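Okay, here's what each chain looks like letter by letter:
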2 protein chains.
Amino acid sequence: MARVRVESFSLSLDGFGAGVDQSLQNPLGVHGSDLHQWFIGTRTFRRMVLRQQDGSTGLDEEFAQRGFQNIGAWILGRNMFGPVRGAWPDESWKGWWGDEPPYHVPVFVLTHHARPSLAMKGGTVFHFVTGGADEALARAREAAAGKDVRIGGGPHTIRQYLQAKAIDELHLAISPVLLGAGERLLEGVNLRELGYHCVRTAASEKATHVILAKEGD
Amino acid sequence: MARVRVESFSLSLDGFGAGVDQSLQNPLGVHGSDLHQWFIGTRTFRRMVLRQQDGSTGLDEEFAQRGFQNIGAWILGRNMFGPVRGAWPDESWKGWWGDEPPYHVPVFVLTHHARPSLAMKGGTVFHFVTGGADEALARAREAAAGKDVRIGGGPHTIRQYLQAKAIDELHLAISPVLLGAGERLLEGVNLRELGYHCVRTAASEKATHVILAKEGD
């Protein structure tokens with residue numbers, strides 16, 4: 001059975017999944033990129049996002065890599081796709097990632113504002129879903145054709161799917177930084193009550209990696 | 001200069017410093033003791049709390065031990081002293097720890113209800129402070145006579161002293177458990193704005209240890 005996974009989701013020590021004031025200059029909010037120090041040095045990040053051939057190969061790389069394994073479709077909240085709010089002024093914004101985004105599969109973007117699908121180089125196709133989280137998941141499952149669906153974020157999108165009990169497994173990476181303010185991933189979410197428990201932890205110098213899974217999964 | 005420290009404060013992955021429904025049976029709230037698995041196997045815990053001579057000696061022990069080094073006085077919120085709420089019905093409750101508590105120095109208990117000081121075996125003296133957090137800290141500093149003051153908790157007490165910028169250093173131990181509900185240590189506290197940053201992390205199998213310090217400290 002295909003699974004729904006959250007992967008490589010970075011959290012600060014104080015529980016924030018993103019900083020405040022997301023903008024074109026700060027896609028992850030102010031200080032948000034501090035969260036991802038464990039990730040940006042890895043071979044997977046260097047290869048998938050920067051198309052470089054170098055990068056680290058230790059524990060951080062192991063976790064970075066698993067995030068892309070057996071993924072048939074992604075779901076992103078609109079703010080992960082870009083800084084544009086409200087109706088799309090035009091179709092010029094094509095994501096943060098340039099001509100060839102690192103997904104290489106269909107990506108379903110949750111938005112209240114319809115827009116034609118957008119095929120990018122390398123197999124990524126952005127679909128803009130206005131029917132809500134359930135519709136996005138149904139379409140992503142179908143597009144994934146038996147592979148897993150990865151929920152990319154942000155925090156609000158992950159919470160929606162947690163509360164719908166749709167997520168089978170989460171990999172969180174707790175980074176040794178304090179954000180102080182921002183969006184708390186688990187605000188108002190009782191993971192224990194939803195049936196999750198911690199099945200693995202492993203720490204590198206740059207992050208403590210945690211795998212949470214649902215009982216029975 | 002004597003410092004004010006939080007030591008061995010355990011947090012769940014979802015940020016809770018104690019479970020819900022503290023009671024005589026569950027001094028740390030429901031499931032709260034899961035938080036302290038890293039601590040209860042250590043030589044320090046076995047020796048200080050259970051007066052046994054065994055226990056582990058690895059990284060967890062290193063952090064358990066430092067929590068008792070150079071401490072001249074403690075401050076506890078009332079709920080850490082016991083489950084009694086409101087006015088003291090009598091003076092029979094003498095803490096969770098039996099005749100000889102593991103403090104061996106003066107301990108200042110924050111309460112709204114006056115009560116005579118209570119001298120225990122082994123040098124622990126409980127003083128009940130009704131004048132608030134500032135008064136407790138002033139008295140603890142004086143009693144510590146140049147050594148450090150340890151803020152034992154709970155979460156509410158630590159937040160009070162954080163917001164007063166009174167705490168120099170915090171050791172948090174993030175345990176691989178989900179509590180789902182309870183008291184969030186950092187609710188409404190912006191550690192970054194208060195000047196804290198992470199100066200060390202180290203992980204054992206049972207916890208990720210984190211040291212936070214104030215800038216300039």
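In case you missed it, the structure is sitting above this.
J.: Break down the overall build of chain A for me, citing the residues and quoting the values.
T.: Helix and strand counts for chain A stand at 6 helices and 11 strands. Scaling as 2.2 N^0.38, a compact globule of 217 residues should have a C-alpha radius of gyration of about 17 Å, and chain A matches this with 16 Å. Referenced to the eigenvectors of the C-alpha coordinate spread, the extents of chain A come out at roughly 45 × 40 × 35 Å. Within the span of chain A, comprising 217 residues, buried residues form 44% of the whole. Taking all contacts inside chain A whose residues are at least 6 apart in sequence as the whole, residues at least 24 apart take part in 63%.

J.: Explain the relation of the copies chain B and chain A to me, using residue names and the numbers behind them.
T.: Superposition of chain B onto chain A requires a rotation of 180 degrees combined with a translation of 0.0 Å along the rotation axis, giving an RMSD of 0.0 Å. Such a turn and shift between the copies fits a two-fold axis. The rotation axis passes nearest to the C-alpha of B:Ala203 in chain B, at a distance of 3.1 Å. When the interface residues of chain B are mapped onto chain A, 100% of them are again interface residues, pointing to one common binding face.

J.: So, the pairing of strand 4 (residues 106-110) of chain A: which residues are in play, and what are the values?
T.: All names here are of chain A. By the criterion of burial, strand 4 is predominantly enclosed, with 5 of the 5 residues buried. Both strand 3 (residues 71-77) and strand 4 contribute to a ladder of 4 bridges, which runs parallel. Bridge pairing in strand 4 places Trp 74 opposite Val 107. Bridge analysis of strand 4 against strand 6 (residues 125-129) gives 5 bridges, and the strand direction is parallel. By the bridge assignment for strand 6, Phe 108 is matched with His 127.

J.: So what about the sheet that holds strand 3 (residues 71-77) of chain B? Which residues, and what values?
T.: Residues and elements named next belong to chain B. Spatial strand order, 5-6-4-3-7-1-8-11-10: 9 strands in an open sheet with mixed pairing. Among the strands making up the open sheet, the edge pair consists of strand 5 (118-119) and strand 10 (196-203). Running over the sheet, helix 5 (residues 133-144) touches strand 3, strand 4 (106-110), strand 6 (125-129) and strand 7 (148-153) and is turned about 160 degrees from strand 3. Across the sheet, helix 6 (residues 155-163) is in contact with strand 1 (4-11), strand 3, strand 4 and strand 7; its angle to strand 7 comes to roughly 135 degrees.

J.: Tell me about the environment of A:Ala207, and please be specific about residues and values.
T.: Residues and elements named next belong to chain A. Looking at the secondary structure, you find Ala 207 in the loop between strand 10 (196-203) and strand 11 (208-214). As for Ala 207 and Leu 59, which are separated by 148 residues in sequence, their C-alpha atoms are 9.5 Å apart. The residues contacting Ala 207, other than those within four sequence positions of it, are Trp 38, Asp 60, Ala 173, Ile 174 and Ser 175.

J.: Give a detailed account of the sheet that holds strand 5 (residues 118-119) of chain A, specifying residues and quantitative values.
T.: Residue and element names in this part refer to chain A. Here we have 9 strands laid out as an open sheet, ordered 5-6-4-3-7-1-8-11-10, and mixed in their pairing. The open sheet has two edge strands with one neighbour each: strand 5 and strand 10. Most of the contacts of helix 3 (residues 59-66) go to strand 1 (residues 4-11), to which it runs at about 140 degrees, and overall it touches strand 1, strand 8 (169-174), strand 10 and strand 11. Against the sheet, helix 5 (residues 133-144) engages strand 3, strand 4, strand 6 and strand 7 (148-153), with an angle of about 160 degrees to strand 3.

J.: I'd like a rundown of the nonpolar core, residues and numbers included.
T.: Core analysis: the biggest nonpolar cluster contains 106 residues, and A:Ile75, A:Phe108, A:Val109, B:Ile75, B:Phe108 and B:Val109 have the highest contact counts within it. When residues no more than four places from it in sequence are discounted, the contact partners of A:Val109 are A:Leu76, A:Arg78, A:Phe81, A:Phe126, A:His127, A:Phe128 and A:Val129.

J.: So what about the interface of chain B and chain A? Which residues, and what values?
T.: Frequently, the measure chosen for interface size is the accessible area removed from exposure when the parts meet. Contacts between the two partners involve 22 residues from chain B, matched on the other side by 22 residues from chain A. Mapped onto the side of chain B that touches chain A, the elements with two or more residues apiece are strand 10 and strand 11 (208-214) of chain B. No other element matches the 5 residues that strand 10 of chain B contributes to the side of chain B that touches chain A. The residue makeup of the side of chain B that touches chain A, split by class, is 13 nonpolar, 6 polar and 3 charged.

J.: With reference to specific residues and values, describe unusual backbone geometry.
T.: Excluding glycine, residues mostly carry a negative phi; peptide bonds, for their part, are mostly trans. Between A:Gly153 and the following residue, A:Gly154, the backbone shows a cis peptide bond with an omega angle of -5 degrees. Along the chain, the position of A:Gly154 falls in the loop between strand 7 and helix 6 (155-163).

J.: So what's going on with the pairing of strand 8 (residues 169-174) of chain B? Residues and values would help.
T.: Within a regular beta strand, the side chains point alternately toward one face of the sheet and then the other, so they alternate between its two faces. Residues and elements named next belong to chain B. With 5 bridges joining them, strand 1 and strand 8 adopt parallel strand pairing. Note on strand 8: the bridge partner recorded for Leu 11 is Ile 174. One ladder, built from 6 bridges, connects strand 8 with strand 11; its direction is antiparallel. Its bridge partner lying in strand 11, Ile 174 is registered against Thr 208.

Calculation notes
Residues numbered from 1 in each chain as written. Chains lettered and ligands numbered in written order. Predicted model: local features only at pLDDT ≥ 70, side-chain atom pairs only at ≥ 80, totals over all residues. Helix = DSSP H or I, 4+ residues; strand = E, 2+ residues; numbered from the N terminus. Rg over C-alpha atoms; globule rule 2.2 N^0.38 Å. Buried ≥ 20, exposed ≤ 12 C-beta atoms within 10 Å, placed from the backbone. Contact = placed C-beta atoms within 7 Å. Least-squares fit on C-alpha atoms with pLDDT ≥ 70 in both. Pairing = 2+ DSSP bridges. Axes fitted to C-alpha atoms, helices over the stretch in contact; angles between N-to-C directions. Core = buried A, V, L, I, M, F, W, Y, C linked by C-beta atoms within 7 Å. Nonpolar A, V, L, I, M, F, W, Y, C, P; charged D, E, K, R; others polar.

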